[in-house]
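As a plain string of letters, each chain reads:
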Amino acid sequence: NSAPFGRGEQGCPPQILGKSLMLFIDTRIDAPPAEAFAEAKARGDELVHIPALRCEPTGVALHLNECGAAFVASPRAAKIAAGALLKYEGAVWAVGKTTADVLRGSGIPVAREGSTGGAAAFFAGLLGGGIPVPGRIAWISAMETAENRDGLFREYKSAIMHFPVYRTFPADISGETLKSLP
């Protein structure tokens with residue numbers, strides 16, 4: 001059968017109790033917008049939000065004035081750090097478009113916006129474009145990050161001051177939650 005996984009004949013949802021129904025579970029931290037639930041219902045599907053992770057701000061103080069630039073590594077970090085970044089007089093860099101949009105939406109000017117390549121690509125683009133990297137950079141992100149900040153420090157000869165503004169944990173998903181699924 002060439003139908004997509006989980007679909008019935010010729011890609012149509014299987015019939016359950018006389019109506020089409022596919023269950024989609026969104027595991028992201030933040031719930032999808034109300035429109036996503038309405039669209040699923042209009043298709044005869046059901047969308048359920050069960051986050052796989054939970055997020056908790058760390059409350060870390062953002063001492064940014066000693067840094068020549070502030071690199072914001074995620075939209076969540078941008079939301080949490082917005083108050084301090086509004087007062088910051090240095091350059092604010094965003095890892096990508098979504099992070100830049102969150103910063104701009106908070107009234108924070110973005111001096112440089114990365115693409116989809118992450119922090120390593122962002123910093124490579126700085127040097128490739130002849131843009132000087134300041135001696136000290138504030139790295140505003142989650143507690144746990146995938147980037148090798150020590151490697152970036154060695155490569156770009158900049159001190160990276162990590163400001164972990166939030167951390168993530170596995171969510172506690174109860175058996176009751178799972179039993180309540182259609």
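Residues numbered from 1 in each chain as written. Predicted model: local features only at pLDDT ≥ 70, side-chain atom pairs only at ≥ 80, totals over all residues. Heavy atoms only, no water.

Q: Is there a simple way to think about the overall build of the protein chain in this case?
A: For the protein chain, the helix and strand inventory stands at six helices and ten strands. Split into buried and exposed, the 182 residues of the protein chain put 31% on the buried side. The long-range share in the protein chain, meaning contacts at least 24 apart out of those at least 6 apart in sequence, stands at 48%. Of the roughly 10800 Å² of accessible surface on the protein chain, a fraction of 55% belongs to carbon and sulfur atoms. (Helix = DSSP H or I, 4+ residues; strand = E, 2+ residues; numbered from the N terminus. Buried < 20%, exposed > 50% of the residue type's maximum accessible area, 1.4 Å probe, protein only. Contact = heavy atoms within 4.5 Å. Areas by Shrake-Rupley, 256 points an atom, 1.4 Å probe, with all protein chains shown as cover.)

Q: Whenever I open this one, the side chain of Ser74 confuses me. Can you help?
A: One can find Ser74 in the loop between β6 (69–72) and α2 (75–87). At 3.0 Å, the side chain of Ser74 and the backbone nitrogen of Ala77 are in polar contact. Not counting the four nearest positions on each side in its chain, Ser74 is found in contact with Val95, Thr99 and Tyr166. (Polar contact = N/O pair within 3.5 Å; in protein donor to acceptor, adjacent residues only side chain to side chain.)

Q: Just to check I follow, could you spell out the nonpolar core for this structure?
A: Burial of nonpolar side chains together is a common tendency in soluble globular proteins. Leu64, Val72, Leu85, Tyr88, Val92, Leu103 and Ile140 are the most contacted members of the largest nonpolar core, which totals 23 residues. Of all elements in the fold, only β6, α2, β7 (91–94), α3 (97–105), β9 (136–142) and β10 (159–170) reach the threshold of two or more residues within this core. Tallying contributions element by element places α2 first for this core, with five residues. With residues near it in sequence (within four places) discarded, Leu85 still touches Leu64, Ala70, Val72, Val92, Leu103, Ile108 and Ile140. Among the nonpolar cores identified, the runner-up in size contains 13 residues, and Phe71, Val95, Phe123 and Ile137 belong to it. (Core = buried A, V, L, I, M, F, W, Y, C linked by side-chain atoms within 4.5 Å.)

Q: Looking at this structure, how should I read α2?
A: What sets the pattern is the α-helix's 3.6 residues per turn: residues three or four places apart point alike. With 13 residues, α2 ought to run about 18 Å at 1.5 Å a step, and its terminal C-alpha atoms sit 18 Å apart, in line with that. The largest bend in α2 amounts to roughly 65 degrees and is located at Ala81. Among the residues of α2, Ala77, Ala78, Ala81, Ala82 and Leu85 are the ones counted as buried. The inward-facing, buried residues of α2 abut β6, β7, α3, β9 and β10. (Expected span 1.5 Å × (residues − 1). Bend = angle between axes of the 7 residues up to and from the residue.)

Q: Is there a simple way to think about the sheet that holds β6 in this case?
A: Whenever strands of a sheet pair, they do so through backbone hydrogen bonds, lying parallel or antiparallel. Across the sheet, six strands lie side by side as β5-β10-β9-β6-β7-β8; this open sheet has mixed pairing. Across the chains shown, the open sheet's two edge strands, defined by having one partner strand only, are β5 (53–57) and β8 (112–113). Packed onto the sheet, α3 meets β6, β7 and β8 and runs at close to 140 degrees relative to β7. (Pairing = 2+ DSSP bridges. Axes fitted to C-alpha atoms, helices over the stretch in contact; angles between N-to-C directions.)

Q: Sorry, what's going on with the side chain of Asp26 here?
A: The residue Asp26 is located in strand β3 (residues 23–26) in this model. A relative accessible area of 9% places Asp26 in the buried class. Contact partners of Asp26, with chain neighbours within four places excluded, come to Pro32, Leu47, Val48, His49, Ile50 and Pro51.

Q: What should I look at first to understand the packing of α2 against α3 in this one?
A: In a packed pair of helices, the relevant descriptors are the angle between the two axes and the axis-to-axis distance. Put simply, α2 and α3 touch, their axes get as near as 9 Å, and they point 30 degrees apart. Taken together, the axes of α2 and α3 lie roughly parallel to each other. Crossing of α2 against α3: the hand is right-handed. Judged by residue contacts, Pro75, Ala78, Lys79 and Leu85 of α2 engage Thr98, Thr99, Val102 and Leu103 from α3. For the contact of α2 with α3, the class distribution of residues is five nonpolar, two polar and one charged. (Parallel < 35°, antiparallel > 145°, perpendicular 65-115°, else oblique. Left-handed = near helix turned anticlockwise from the far one by under 90°. Nonpolar A, V, L, I, M, F, W, Y, C, P; charged D, E, K, R; others polar.)

Q: Please explain the environment of Phe71 as it appears in this structure.
A: Following the sequence through the fold, Phe71 ends up in strand β6. In this structure the C-alpha to C-alpha distance between Phe71 and Glu113, which are 42 residues apart in sequence, comes to 9.8 Å. Once residues within four sequence positions are removed from consideration, Phe71 is found in contact with Trp93, Ala94, Val95, Ala119, Phe122, Phe123, Ile137, Ala138, Trp139 and Ile140.

Q: Would you mind going over the pattern of salt bridges with me for this structure?
A: Two side chains carrying opposite charge are able to pair once their charged atoms lie near each other. Using the criterion set out here, one finds eight salt bridges in the structure. A salt bridge links Asp45 to Arg43, with the nearest nitrogen and oxygen atoms 3.1 Å apart. In this structure Asp45 comes out as buried when scored by relative accessible area, which is 6%. Overall, Arg43 belongs to the partly exposed group, its relative accessible area being 49%. A salt bridge links Asp101 to Lys97, with the nearest nitrogen and oxygen atoms 2.8 Å apart. Here Asp101 and its partner Lys97 are both found in helix α3, four residues apart, which amounts to about one turn of the helix. (Salt bridge = Lys/Arg side-chain N within 4 Å of Asp/Glu carboxyl O.)

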